Amino acid sequence: MTQRKGIILAGGAGTRLYPVTMGVSKQLLPVYDKPMIYYPLSVLMLAGIREIAVITTPQDRDQFIRALGDGSQWGLSLSFIEQPSPDGLAQAYLLADAFLDGAPSAMVLGDNIFFGHGLPEVLAAADARTSGGTVFGYRVADPERYGVVDCDSQGQVRAIVEKPAHPPSPFAVTGLYFLDGDAPARARAVTPSARGELEITDLLDSYLKDGLLTVEQMGRGFAWLDTGTHASLLDAGNFVRTLSERQGQQVGCPEEIAFAAGWITADQLRARAATVGRNGYGAYLLRLLDG
């Protein structure tokens, strides 16, 4: 089976909260003790993905390269793709076509955080599907802000509706998509919506119409955070801080995932701790060496 590749969509509309961020990409702002982009990166790593492309704007590309490097410090291979204009989430598959080169992919939005016991197993199940696509439904109080899953009385998915005025269900589609190697070709067939964007819901609908879309529900044991506003960014930081201090464990730590997977050695982890500096995050990495 062709190895699945990863995409982090860190460009597009909303990459900056407001001008007060002084030109810093939103995905590089801190969520508690690490850059926001570490969290979606860690999700792809938990899925066993090591070849990842970061899609970002031309003006932000150098910021991401400085922050992430080539990925070798985590046992990864990182590429950077420019998104000239924010033309919809499905555009990512057109921009990443050459990078994917026919491989299946997992795409995660750069401002999304996922957490929960059993997350690696959920990701592994999605990765194991060699054809079609898998998305994840999550119950929210305000589904009108999202793409929403419409199901029949037997729980079979009928449609995914983008930002409906009258949501057919409370289950939003999260910013995590596992699609097969046909995604770029299907994306090329998507026509711009009324707002001029290539909608991800239209791309997913093409899989659904062919009977090739699986929707997995993330239950109460999972947390999905979309840090698209100042308030949600603060909420996410508090959430991560509470978990980290209560449990003494990191959330979204690429070094921990890479070390546990055997992608980096103890010496490389020690070097990363020294690079991070004398702070709580660096001290945590050193504790990993003690088991």
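Computed from a predicted model, the values in this text were never measured in an experiment.

K.L.:
Help me understand the pattern of salt bridges, please; the structure alone is not making it clear to me.
P.N.:
Two side chains carrying opposite charge are able to pair once their charged atoms lie near each other. For the structure on display, the rule yields 16 salt bridges. A salt bridge links E216 to R129, with the nearest nitrogen and oxygen atoms 2.5 Å apart. Taken together, the residues span a long stretch of sequence, with E216 in strand β12 (residues 213-218) and R129 in the loop between α5 (119-128) and β8 (133-139) at a distance of 87 residues. Among the salt bridges present, the one from R186 reaches D210, with a minimum N-O distance of 3.0 Å. Of the two residues, R186 is situated in helix α6 (residues 183-188) and D210 in the loop between α7 (200-209) and β12; the sequence distance between them amounts to 24 residues. Residue class for D210 comes out partly exposed when judged on its relative accessible area of 48%. In the salt-bridge network here, residues are joined through shared partners; they are E162, K163, R195, E197 and E199.

K.L.:
How should the packing of aromatic side chains be read in this particular structure?
P.N.:
A ring pair, where both rings are aromatic, is described by two values, the distance of the centres and the angle of the planes. In the structure shown here, the tally under the stated rule is five aromatic pairs. Ring centres of Y38 and W74 lie 5.4 Å apart, and the angle between their planes is 85 degrees; on these two criteria the pair is classed as edge-to-face. Within this pair, whereas Y38 is found in helix α1 (residues 38-46), its partner W74 is found in the loop between α2 (61-68) and β5 (77-82), the two being separated by 36 residues in sequence. The exposure class of Y38 is buried, given its relative accessible area of 8%. Judged by relative accessible area, W74 falls into the buried class, the value being 0%. Arranged with centres 5.3 Å apart and planes meeting at 55 degrees, the rings of Y146 and W224 form a pair that is tilted. On the criterion of sequence distance, the pair formed by Y146 in the loop between β8 and β9 (147-151) and W224 in strand β13 (residues 222-226) is long-range, its members being 78 residues apart. Classification of Y146 by relative accessible area gives buried; the value is 12%. The buried category is assigned to W224, whose relative accessible area is 7%. Each member of the aromatic cluster is reached from another via a ring pair, and the members are Y138, Y146 and W224.

Definitions and limits used
- Throughout this document, residue positions are counted from 1 along each chain, in the order its sequence is written.
- Side-chain atom pairs in this predicted model are given and counted only at pLDDT of 80 or more, local residue features only at pLDDT of at least 70, and totals for whole chains, interfaces and linings cover all residues.
- Working from all heavy atoms in the structure, the side-chain values ignore hydrogens and water.
- What makes a salt bridge here is a side-chain nitrogen of Lys or Arg within 4 Å of a carboxyl oxygen of Asp or Glu, nothing more.
- Under the DSSP-based scheme used, a helix requires at least four consecutive residues in state H or I and a strand at least two consecutive residues in state E, with every element numbered from the N terminus.
- Accessibility here uses a 1.4 Å probe with only protein chains present; expressed as a share of the type maximum, an area under 20% marks a residue as buried, one over 50% as exposed, and anything in between as partly exposed.
- Centres within 6.5 Å are what make two rings of Phe, Tyr or Trp a pair, Trp counting through its six-membered ring; a difference in plane orientation under 30 degrees is then read as stacked, over 60 as edge-to-face, and the rest as tilted.

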